[in-house]
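# What the coordinates show
Chain by chain, the residues:
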Amino acid sequence: MTNPTAPNIPSPRIHESHKVRPAHPGWGKRLAAVGLLASCAFYVGSALAQSQPKPDWSLSDMPSQKDRVFVITGGTSGMGYEDAKALAAVGAQVVIAARNPERGQEAIDRIKQEVPKAKVQFESVDLSDLSSVRELGQRLRTTLPRVDGLINNAAIMAPPERGTSPDGLEMQFATNYAGHFVLTAELLPLLRKSESPRVVTLSSIAVHQGSLHFDDLQFTQKYVPMAAYAQSKLSCLMFAFELQRRSDAAGWGIRSVAAHPGVAVTELVARGPGLDSEQGRQWSSNREHFQTAAQGAIPTLYAATAQDVQGGAYYGPKGPREIAGPLGLATVPAAARDTAAAARLWTLTEETTNTRFPASTR
């Protein structure tokens, strides 16, 4: 992977009321305070326990995934497609779960051109429609022996107008977060049949500008496209961490990991704000500094396959502003470290989606 000098790219514009205030510059000196040490002890310990991955880790370092079964959402293009192709190349059975069957078949055909013996199939799902997610879960529970890896990859970003899912949720919250929450619950029985199950959930560098708006999670009062996107991706990151905590407590045996691609050249901008938008024009003018889709997939593939990956870790590129660069442990924003907020979000999501994870399997 390359590590280009990052351009002076403007941060996505978030309405003032939706920003998370940065920590005071003198926060480091205050770590001596007993109260702050107590509240941060868990996170400091976790960070020290996590080892940095090899910066130049690449597809050639991927261990064999022969006979392992992976489900990847949004695998018809972009990083999801790169994930599917790379996993198929090292022997995995891959299920691409996405909306468009025609694009699904095209993706399969392209993968098999490069990996003739690839074991890859397509399953239709609309992540914004929870009934479609449950139907997929039912089909997979019937047809698959187990799931060794679930990659929660699919996303939409910053559509200019607020959309509503069939279940009445804001579309980014539904597609990026709630649909994956329900899918993970649906596939939990299959994950628990694996000897070493992993769930990899995709976040974004946008989380550093995100916050959870518990007073209006669905942005019904004032829709701010990038704020809604940042909230959905912060929710994904908090879900990944909370899933690991609950797996440890309940005995599910899952290794839950988060990853982000930096800024990668995919269809996300074109299908979201559009290339003619201000954000689209900024993205287009700087795209030579961004990751390719294949480079953007590296943190996810590492999280999904590397033997030394630890549950509760967060991986991404470590160049300036984590836009591109060598692989490393990604920076966790303060908002994602709030375990009380994560537990509250989990409970609210269970209630909103009418979904329950088992309390314990011990």
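Our structure's up above, just so we're on the same page.
Now for a look at the structure at hand. Everything numeric in this text was worked out from a predicted model, so none of it was measured. (Residues numbered from 1 in each chain as written. Predicted model: local features only at pLDDT ≥ 70, side-chain atom pairs only at ≥ 80, totals over all residues. Heavy atoms only, no water.)

Before going further, it helps to examine helix H3 (residues 101–114). Over its 14 residues, H3 runs 20 Å from end to end, which matches the ideal 20 Å to within 8%, given 1.5 Å per residue. Buried within H3 we find Arg 103, Gly 104, Ala 107, Ile 108 and Ile 111. Taken down its axis, H3 places every buried residue within 140° of arc, on the same side. Exposed side chains of H3 directed beyond 90 degrees from the buried face belong to Glu 102 and Gln 113. (Helix = DSSP H or I, 4+ residues; strand = E, 2+ residues; numbered from the N terminus. Expected span 1.5 Å × (residues − 1). Buried < 20%, exposed > 50% of the residue type's maximum accessible area, 1.4 Å probe, protein only. Arc of directions from axis to C-beta.)

What follows is about the packing of aromatic side chains. Within this structure, the stated rule accounts for 11 aromatic pairs. Their ring planes at 70° and their centres at 5.0 Å tell us that Phe 181 and Trp 346 sit as a pair that is edge-to-face. One end of the pair, Phe 181, is in helix H5 (residues 171–191); the other, Trp 346, is in helix H11 (residues 339–353), and 165 residues separate them in sequence. Here Phe 181 matches Trp 346 in class, with each residue buried. A ring pair is formed by Phe 181 and Phe 357, whose centres lie 5.2 Å apart and whose planes are at 75°; its orientation type is edge-to-face. Pair noted here: Phe 181 is in helix H5 and Phe 357 is in the segment after H11, with a separation of 176 residues, a long-range link. Residue classification places Phe 357 among the buried positions, given a relative accessible area of 8%. Following the ring pairs from residue to residue traces out a cluster consisting of Phe 173, Tyr 177, Phe 181, Phe 239, Trp 252, Trp 346 and Phe 357. Positioned above the aromatic ring of Tyr 81 is the side chain of Arg 110, whose terminal nitrogen or guanidinium carbon lies 4.2 Å from the ring centre. Arg 344 extends its terminal NZ or CZ atom over the ring of Phe 214, reaching a point 4.0 Å from the ring centre. (Phe/Tyr/Trp six-rings, centres within 6.5 Å; stacked < 30°, edge-to-face > 60°. Lys NZ or Arg CZ within 6 Å of the ring centre and 35° of its normal.)

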